[in-house]
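Residue-level listing of the chains:
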Amino acid sequence: MLRLLPFVLLIAWPLVSYWLAVRRTRQMLDRQSTPLVEPRLNAMAKQLGSALDLPTVKVHILEIAAINGLAAPDGRIFITRGFLKAYAAGEITAEEGKIPAEEIASVIAHELGHVALGHGKRRIFDFAGQNALRTALMVLFGRFLPGVGPWLAGLAASAFAARLSRSDEYEADAYATALLGRAGIGVQHQISMFKKLDGMTGNLGAQPAWLISHPRPDQRIAAIEANAAKWGLRVE
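Here is what the cut-offs are and how they apply
Every chain is numbered on its own, with residues counted from 1 as its sequence reads. With the structure being a predicted model, the display of local features is reserved for residues of pLDDT at least 70 and the display and counting of side-chain atom pairs for 80 or more, all residues being used for whole-chain, interface and lining totals. Hydrogens and waters are ignored; side-chain quantities use all the structure's heavy atoms. For helices the rule is a DSSP run of H or I covering at least 4 residues; for strands it is a run of E covering at least 2, with both sets numbered from the N terminus onward. When accessible area is computed with a 1.4 Å probe and restricted to protein chains, residues below 20% of their type maximum are described as buried, those above 50% as exposed, and intermediate ones as partly exposed. Any two residues whose heavy atoms approach within 4.5 Å are treated as being in contact. A 1.4 Å probe and the Shrake-Rupley method give the accessible areas. Residues count as covered only by the protein chains that appear here. Note on method: axes are straight lines fitted to C-alpha atoms, helices fitted across the in-contact stretch only, with angles between N-to-C directions ranging 0 to 180 degrees. Relative orientations are named as follows: roughly parallel for angles under 35 degrees, roughly antiparallel for angles over 145 degrees, roughly perpendicular for angles from 65 to 115 degrees, and oblique for any other angle. In this scheme the crossing of two helices becomes right-handed for a clockwise turn of the near helix relative to the far one and left-handed for an anticlockwise turn of less than a right angle. For this classification, the nonpolar set comprises Ala, Val, Leu, Ile, Met, Phe, Trp, Tyr, Cys and Pro, the charged set comprises Asp, Glu, Lys and Arg, and every other residue, Gly included, is treated as polar. Here, a salt bridge means any Lys or Arg side-chain nitrogen found within 4 Å of an Asp or Glu carboxyl oxygen.

### Overview of the overall build of the chain
Inference 1: In terms of regular secondary structure, the chain is built from eight helices and four strands.
Inference 2: Shown N-terminal to C-terminal, the secondary structure of the chain runs as helices and strands in the order α-β-α-β-β-β-α-α-α-α-α-α.
Inference 3: Within the chain, the fraction of its 236 residues that count as buried is 38%.
Inference 4: Looking at the chain alone, contacts between residues at least 24 apart form 69% of all its contacts between residues at least 6 apart.
Inference 5: Carbon and sulfur atoms make up 62% of the accessible area of the chain, which totals about 13200 Å².

Shown next, in the form of structure tokens:
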């Protein structure tokens, strides 16, 4: 039994760590968020909810300056105060122009995809698997490549985690494309939002593609357009 203890700990500790992280995240979100109260955006959320046979989709505002959207592990949908301010100001920059409510709706639809597809829950098992992979590679590489083994193990595990994350993003994008089409909001707003987000969040070109946790905007747009064509959705 004692021989199995290291392997039990290898699996159990990441799960406990993940649960503690989820708990801390929930507490932080409770402290730093408020319900979305903005007529046009609430109307968009209701339109998305109607397409899902729900009364509405509840959205919360996370009180941070970053421009982002997120799906909490408990299924709540958030957009940040920075995002709302950019929307309220009517522009990102003079060159990029306005952010209409429909484009914010595309972000909400994307986060709904993460919830509907169970990505948050799946991360529990992915986290444990990544930790086990990292540990196994550290032992293997450390034996044959002393000094650089742990670094290579960390790099390999990070690349694996990034690949899983990119897969989740593509799946959530596809869900959003289908939902926006069904809700009558339009796929073109999802594409437009990604073009603007690329300008807001900066250029990812300096990083190796296999270490980026989110696909590049041009890759995501290409996938959205391919799905829209496959499903007979117009992209204006």
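Back to the text.
### Some remarks on the packing of helix α2 (residues 39–51) against helix α4 (residues 101–116)
Inference 1: Orientation of α2 relative to α4, taken along the N-to-C sense of each, is 45 degrees, at an axis distance of 9 Å. Our classification of the angle between α2 and α4 gives oblique. Between α2 and α4 lies a crossing whose hand is right-handed. Note on element contacts: α4 touches α2 through A101, E102, I104, A105, I108, A109 and L112, opposite R40, L41, M44 and L48.
Inference 2: Partitioning the contact of α2 with α4 into residue classes produces nine nonpolar, no polar and two charged.

### Section: the pattern of salt bridges
Inference 1: One pass over the structure, following the stated rule, counts seven salt bridges.
Inference 2: Ionic pairing is found between D74 and R76, a salt bridge with its closest N-O pair at 2.9 Å.
Inference 3: Accessibility expressed as a relative area gives 37% for D74, which makes it partly exposed.
Inference 4: Its salt-bridge partner being R220, residue E169 comes within 3.3 Å of it at the nearest N-O pair. One end of the pair, E169, is in helix α6 (residues 149–183); the other, R220, is in helix α8 (residues 217–230), and 51 residues separate them in sequence. One exposure class covers both E169 and R220, and it is buried.

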